[in-house]
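The lines below spell out each chain.
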Amino acid sequence: MSSEHENHHSSNSHDHASHHEHMVQDFRHRFWISLVLTVPVLALSPMFKALVGLENWFRFSGEMYVLLAVSTAIFVYGGKPFYGGLVKELRKKEPGMMTLIGLAISVAFVYSAAVALGFPGKTFFWEVATLIDIMLVGHWIEMRSVMAASSALEELAKLLPGTAHKYTEGSTTEEVTVEQLQSGDRILIKPGEKIPADGVIESGTSSVDESMLTGEATPVAKKEGEEVIGGAVNGDGALSVTVKQTGEDSYLSQVINLVHQAQESKSKSQNLADRAALWLTIIALSAGAVTLFVWFGLAGRDFLFSLERTVTVMVITCPHALGLAVPLVAAVSTSLAAGRGFLIRDRGAFEKARGLQAVLFDKTGTLTEGTFRVTAVDAVEGVERREVLRLAGGVESQSEHPIAQGVLATLRDKHIEVPDIEQFEAIKGQGATARIEGRQVQVVSPGYLDDQGIAYDAGAFSDILDRGKTAVFVLVDGEVLGGLALSDTIRTSSKEAVAVLKKMGIRCLMVTGDNQDTADAVAAEVGIDEVFAEVLPEYKAQTVKDVQQRGLVTAMIGDGINDAPALAQADLGVAIGAGTDVAMETADIVLVRNDPRDVAGIVSLARATHRKMVQNLFWATGYNAFAIPLAAGILAPWGFFLSPAAGAVLMSLSTVIVAINARFLRARPLLVAADAGSDSNPVSAQ
């Protein structure tokens, strides 16, 4: 399967990867060629030969011109990225790392060239050559680290297969490239194959591994009428699928684009790093000028020595590590989040997650499944509860009402067969009736019994008459046989999610349009701190605003549709259960899975990401406190001088340390929610 097929599906990711790969190769080639040319420079440089005690070795007439020629080749070819970058930064009026390096090598080379052509002084060629070599290898290593940090994008782009089995007529298929697929095409997905495009199952059943797309480790059972996502891996069943979305419209492409946009978006931390890099550049230029003035003007040292100290200061102060400190961590955390099923759309809002003080959950579809289920069954003496449920399911089998669907779903869950019925009739606003096995069966509300004057023992039916539940009674030939209580199913993960968030010191609230009794019942079971009930969708945003006015940094967790205004109002808007519809314009973060525990995962990752950024910013700037005086020659009284090449090694080392530290964000995956309570920062940040 060709790599070009694999990468074609996301031009953004492909171009992004190609750009970094090209830069890696470019720095590698420039380094090796410059390194080879450095050998004759060292062999011909008078200063280097004197340093190693070989002043009279390898001498010939015109050697200075040969030295100048080879050094010029290194400067022109090896130094091009740096003085080229200097020009670009100055044109944009944003002096930075390339300005410092470009100035350092240019000043040193021009001075040395002038000496080689007759100007009094000593040449600086070997220092320039080794400085360029070390800067090139530092950039090479750095770019490899950048590619590794952003590798999740390339891995996502490789998920799609290159070919698909397209039905031509009947059961005949032909192999076509994925690029040829169009919406409406029918394709065959064989056991063990990758799914080539988003679609709906037309026939067949199987289990599908979506872990690389949604973070859900357990394979998901799929049957006719359900959706499959391109890039997932089919299990042991063959599936016939109708293609719905391909190319840029597909779920995978949307994920890649969102991750790519998030990695490139600048947050407050990035803006802080940019400002710090600008100031560090100004400090470096100022320190370099002061160093030259002190050594040459005040201390009376020769110009070559003073220039060497100045160049070393400029090199060692380069804000290279500072420029990478935040972007690398951002790239790692964004791709790490995508691999766990939550997609960051706005990094600025994501940063706020570390300081969240209140989380406002929508109830239906977020804390609950949004579907009814039977939660309690009562029966009169001598009647089995299973029989009450079976008869209720028979009557409700002909109804489209949500309560009816909840009863039928419960029958399916319990493997109870639905009986045949006759003469179904809806009782407007109060239930339904039908004949089952020669008996007249009714499923009705408590209000119907009151209206008809049918007596029942309320104490005997206390289980189904609890506040917060919907109760229906089952009557056979006019006599109460039993009753059912239904409620919106609370997600198994909701209680755990709320518990973890509360242990993190975050207040958990709930907003819903349901009545107060139902809302209180759900809140009590889940562990919610405060409830806003009977709130219409258009007033949810005001509820978020009211919470914010208490001075709390607030997140809104909703389904991303009815909750759009509230998501936009919140400091952090999170759309949960988005499934394959990831292009949620109002949400700052999109959760692919229907799992509220991922909210705690967001907070954990945000805290760990911030910690990594602080570590990197501290290292990238802090080491200058001793590096600048060292480079300027503060230890000169003791005979210790730092050469420009050694300064470049220290600067490059700081860059590599920052890159490696960013990758440590991956060192330990997000802990499961049950463990997160004992560690408010479940993502490793070592």
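Residues numbered from 1 in each chain as written. Predicted model: local features only at pLDDT ≥ 70, side-chain atom pairs only at ≥ 80, totals over all residues. Heavy atoms only, no water.

Points about the overall build of the chain
Worth spelling out the cut-off: Secondary structure counts use DSSP, requiring at least four H or I residues in a row for a helix and at least two E residues in a row for a strand, with both numbered from the N terminus. Throughout this description, buried means an accessible area under 20% of the type-specific maximum (1.4 Å probe, protein chains only), exposed means over 50%, and partly exposed covers the range between. Here, two residues are considered to be in contact whenever any of their heavy atoms come within 4.5 Å of each other. The method behind every accessible area is Shrake-Rupley, applied with a 1.4 Å probe, and residues are considered shielded solely by the protein chains displayed.
The secondary structure content of the chain amounts to 26 helices and 22 strands. Counting the 686 residues in the chain, one finds 52% classified as buried. Of all intrachain contacts in the chain linking residues separated by at least 6 positions in sequence, the fraction that spans at least 24 positions is 68%. Carbon and sulfur atoms make up 55% of the accessible area of the chain, which amounts to about 30000 Å² in all.

Some words on unusual backbone geometry
Negative phi is the rule for most residues except glycine; trans is the rule for most peptide bonds. At Gln423, a position not held by glycine, the phi torsion is positive, near 55°. Judged by relative accessible area, Gln423 falls into the exposed class, the value being 58%. Despite not being glycine, Asp477 has its phi angle at roughly 50°, a positive value. The residue Asp477 is located in the loop between β16 (470-476) and β17 (479-490) in this model.

Observations regarding the side chain of Gln548
The condition is simple: Throughout this description, a polar contact denotes any pair of N or O atoms lying within 3.5 Å of each other; where both atoms belong to protein, one of them has to be capable of donating a hydrogen while the other can accept it, and for residues adjacent in sequence the pair is counted only when both atoms sit in side chains.
Summarising the element assignment, Gln548 is placed in helix α21 (residues 540-548). A distance of 2.7 Å separates a polar atom in the side chain of Gln548 from a polar atom in the side chain of Gln569. Sequence-distant contacts of Gln548, defined by excluding residues within four places in its chain, comprise Thr554, Gln569, Ala570 and Asp571.

Description of the sheet that holds strand β8 (residues 233-234)
For the record, the criterion: For two strands to be treated as a pair, DSSP must find at least two bridges joining them.
Ordered in space as β6-β5-β8, the three strands form an open sheet in which the pairing is antiparallel. The open sheet has two free edges, formed respectively by β6 (220-222) and β8, since each of these has just one partner strand. Inspection of the sheet shows strand β5 (residues 206-209) paired to β8 by two bridges, in the antiparallel sense. Bridging from a neighbouring strand, Asp209 pairs with Val233 of β8.

Thoughts on the packing of helix α16 (residues 385-396) against helix α17 (residues 402-414)
The test is simple: Here an angle of 0 to 180 degrees is reported between the N-to-C directions of two axes, which are lines fitted to C-alpha atoms, with helices fitted over the stretch in contact. Angle categories: roughly parallel below 35 degrees, roughly antiparallel above 145, roughly perpendicular from 65 to 115, and oblique for all the rest. Note on convention: the crossing is left-handed when the near helix lies turned anticlockwise from the far helix by less than a right angle, right-handed when the turn is clockwise.
Between α16 and α17, the shortest axis-to-axis distance is 9 Å and the interhelical angle comes to 130°. Classified by the interaxial angle, the pair formed by α16 and α17 is oblique. Read as a crossing pair, α16 and α17 show a hand that is left-handed. Of α17, the residues touching α16 (which contributes Arg386, Leu389, Arg390, Ala392, Gly393 and Glu396) are Ile403, Ala404, Val407, Leu408, Thr410, Leu411 and Lys414.

Side note on the sheet that holds strand β3 (residues 186-189)
The strand order across the open sheet built from six strands is β2-β1-β3-β9-β4-β7, with neighbouring strands paired in antiparallel fashion. The sheet terminates laterally at β2 (173-177) and β7 (227-228), the two strands that pair on one side only.

Structural notes on the pattern of salt bridges
Selection rule: Whenever a carboxyl oxygen of Asp or Glu lies within 4 Å of a side-chain nitrogen of Lys or Arg, that contact is scored as a salt bridge.
Throughout the structure, instances matching the rule amount to 16 salt bridges. Taking the shortest distance from any N to any O, the salt bridge between Glu226 and Lys223 comes out at 3.2 Å. For the salt bridge of Arg390 with Glu437, the shortest nitrogen-to-oxygen distance reads 3.1 Å. Separated by 47 residues along the polypeptide, Arg390 in helix α16 and Glu437 in the loop between β14 (431-436) and β15 (439-444) bring together distant segments of the chain. By relative accessible area, Arg390 is classed as buried at 18%.

Section: the pairing of β15
Note: β14 against β15, six bridges, orientation antiparallel. By the bridge assignment, Arg435 is partnered in β15 with Gln440. In this antiparallel pair of consecutive strands, β14 and β15, the connection spans two residues, and Glu437 shows a positive phi of 50°. Sheet topology places β15 next to β16; four bridges connect them, and they run antiparallel. Bridge assignment links Val443 to a residue of β16, and that residue is Val474.

Topic: the confidence of the model for the chain
Rules: pLDDT is a per-residue confidence score from the predictor, ranging from 0 to 100.
This prediction gives the chain a mean pLDDT of 78; 79% of its residues lie at or above 70. In the model of the chain, helix α26 (residues 673-676) stands out as the element of lowest mean pLDDT, 37, in contrast to strand β18 (residues 507-511), which has the highest, 94. Contacts of residues 1-14 to residues separated by more than four positions or lying in other chains number 29 contacts, the stretch itself having pLDDT below 50. Confidence drops under a pLDDT of 50 for residues 671-686, and excluding neighbours within four residues, the segment shows 40 contacts in the predicted structure.

Structural notes on the environment of Ser171
You can see Ser171 is positioned in the loop between β1 (163-167) and β2. Taking C-alpha positions, Ser171 is 10.0 Å from Ser240, a pair spaced 69 residues apart along the chain.

Description of the packing of aromatic side chains
Test applied: Put simply, two rings from Phe, Tyr or Trp (the six-membered ring, in Trp's case) pair if the centres are within 6.5 Å, and we call them stacked under 30 degrees between planes, edge-to-face over 60, tilted for the rest. Both a distance and an angle decide whether a charge sits over a ring: NZ of Lys or CZ of Arg must be within 6 Å of the ring centre and within 35 degrees of the ring normal.
Scanning all chains against the criterion turns up seven aromatic pairs. When the centroid spacing of 4.3 Å and the interplanar angle of 5° are considered together, the rings of Phe75 and Phe109 count as stacked. With Phe75 in helix α4 (residues 63-78) and Phe109 in helix α6 (residues 97-116), this pair connects stretches of sequence that are 34 residues apart. Neither Phe75 nor Phe109 differs from the other in exposure class; each is buried. Members of the aromatic cluster, each reached through a chain of ring pairs, are Phe75, Tyr83, Phe109 and Phe125. For the cation-ring pair, Arg186 lies above Tyr167, with the distance from its terminal atom to the ring centre recorded as 4.2 Å.

A few points about the UniProt feature "transmembrane region" (unreviewed entry) in the chain
Applicable threshold: UniProt positions are given in the numbering used here, feature names are shortened, and annotations may be inferred rather than shown by experiment.
In the numbering adopted here, UniProt assigns the feature "transmembrane region" (unreviewed entry) to residues 31-52, 64-83, 95-117, 276-298, 310-338, 617-635 and 641-660. Secondary structure content for residues 64-83 is 95% helix and 0% strand, while the C-alpha to C-alpha distance between its ends is 24 Å. Helix makes up 79% of residues 617-635 and strand 0%, whereas the separation of the span's terminal C-alpha atoms amounts to 27 Å.

Some words on the nonpolar core
If you look at soluble globular proteins, the nonpolar side chains tend to sit buried side by side. Note the cut-off: Take the buried Ala, Val, Leu, Ile, Met, Phe, Trp, Tyr and Cys residues and link them wherever side-chain atoms come within 4.5 Å; each set so joined is a nonpolar core.
In terms of nonpolar packing, the biggest core is built from 52 residues, with Val359, Phe361, Leu501, Ile528, Leu572 and Ile602 touching the most fellow members. By residue number, the principal contributor to this core is helix α23 (residues 597-622), which donates 10 residues. Ignoring anything within four residues of it in the chain, the contact list for Leu501 reads Val359, Phe361, Ile506, Cys508, Val599, Ala600 and Val603. Counting 35 residues, the second-largest nonpolar core is a separate cluster that includes Val24, Leu44, Phe82 and Val115.

Points about the pairing of β17
When you tally the buried positions in β17, you get 10 out of 12 residues, the bulk of the element. Two elements, strand β12 (residues 368-379) and β17, share eight bridges in a ladder whose sense is antiparallel. Looking across to β17, one finds that Val374 is bridged to Leu486. Pairing analysis gives seven bridges linking β16 to β17, with the strands arranged antiparallel. Considered in β17, the bridge of Phe473 is made with Gly483. Counting the residues in the hairpin turn of β16 and β17 gives two residues, including Asp477, whose phi is positive at 50°.

Quick look at helix α24 (residues 624-632)
By the burial criterion, the buried members of α24 are Asn624, Ala627, Ile628, Leu630, Ala631 and Ala632. Where α24 terminates, the next one or two residues include Gly633, which has phi positive at roughly 105°.

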